[in-house]
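# Secondary and tertiary structure notes
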Amino acid sequence: MKKLFIVLMLLAGGTLLSHALVDSYVIDRSKLPQEAQNMLAEYFPKAKIAMIKIDRGLLKKTDYDVKLVNGTKIEFKNSGKWKSIDCKTRAVPEGLILKPIRKYVEKNFPDAKITKIEKTSRGYEVELSDDVEVKFDHLGTFKGIDKD
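Let us look at the structure shown here. (Residues numbered from 1 in each chain as written. Predicted model: local features only at pLDDT ≥ 70, side-chain atom pairs only at ≥ 80, totals over all residues. Heavy atoms only, no water.)

## Brief notes about the packing of aromatic side chains
Scanning all chains against the criterion turns up four aromatic pairs. Ring plane angle 55 degrees and centroid distance 6.5 Å describe the contact between Tyr104 and Phe109, whose orientation is recorded as tilted. Using a relative accessible area of 14% as the deciding quantity, one classes Phe109 as buried. Centroid distance Tyr104 to Phe136: 5.6 Å. Interplanar angle 80 degrees. Geometry classified as edge-to-face. Taken together, the residues span a long stretch of sequence, with Tyr104 in helix α3 (residues 99–108) and Phe136 in strand β8 (residues 132–136) at a distance of 32 residues. One cation-aromatic arrangement involves Lys119 over Trp82; the distance from NZ or CZ to the ring centre is 4.2 Å. (Phe/Tyr/Trp six-rings, centres within 6.5 Å; stacked < 30°, edge-to-face > 60°. Buried < 20%, exposed > 50% of the residue type's maximum accessible area, 1.4 Å probe, protein only. Helix = DSSP H or I, 4+ residues; strand = E, 2+ residues; numbered from the N terminus. Lys NZ or Arg CZ within 6 Å of the ring centre and 35° of its normal.)

## Let's talk about the nonpolar core
Counting 32 residues, the largest nonpolar core has Met39, Phe44, Ile74, Phe76, Trp82, Ile85 and Leu128 as the members making the most contacts within it. If sequence neighbours within four positions are ignored, Met39 has contacts with Phe44, Ile74, Phe76, Trp82, Ile85 and Leu96. (Core = buried A, V, L, I, M, F, W, Y, C linked by side-chain atoms within 4.5 Å. Contact = heavy atoms within 4.5 Å.)

## Notes on the environment of Asp111
Note that Asp111 resides in the loop between α3 and β6 (114–120). With a relative accessible area of 79%, Asp111 lands in the exposed category. Between the alpha carbons of Asp111 and Ser129 there is a distance of 8.8 Å; along the sequence they are 18 residues apart.

## Let's talk about unusual backbone geometry
If you check the backbone angles, Lys88 has positive phi at about 60 degrees while not being a glycine. Mapped onto the secondary structure, Lys88 falls in the loop between β5 (82–86) and α3. Even without glycine at this site, Asp131 takes up a positive phi of about 65 degrees. Turning to its location among the elements, Asp131 is positioned in the loop between β7 (123–128) and β8. Judged by its relative accessible area of 45%, Asp131 is partly exposed.

The structure is reproduced here in structure tokens:
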């Protein structure tokens, strides 16, 4: 009887675990946290959503990966704050980039535009249209350059 109970508990736990790890895909903006919806409405008002991947993990919070029809990819945290924005060949909207980062890029790379920005634990990583990657701290202070 004890063995049967243990087997049933393991099956129930496995079933719950498998449901917790399943990602889902939608195109409905209302499935995103409110802050993410507001950001999309402000900076990408006319963009249509191709797909939203709701990434649920057992030990981590839910993340949201949004792909727009124009190819832009945006990753959001559970709270709705963006983690990364990849606009491919287009410029990331200026309002999403810290002013010191914008000024540094304008001064030192006048012919390039910021096509990707990512928040990391150490600050920001910015990719330019000429394949240069520039790193900044959380305040937007220049830290280094990686050239590909």
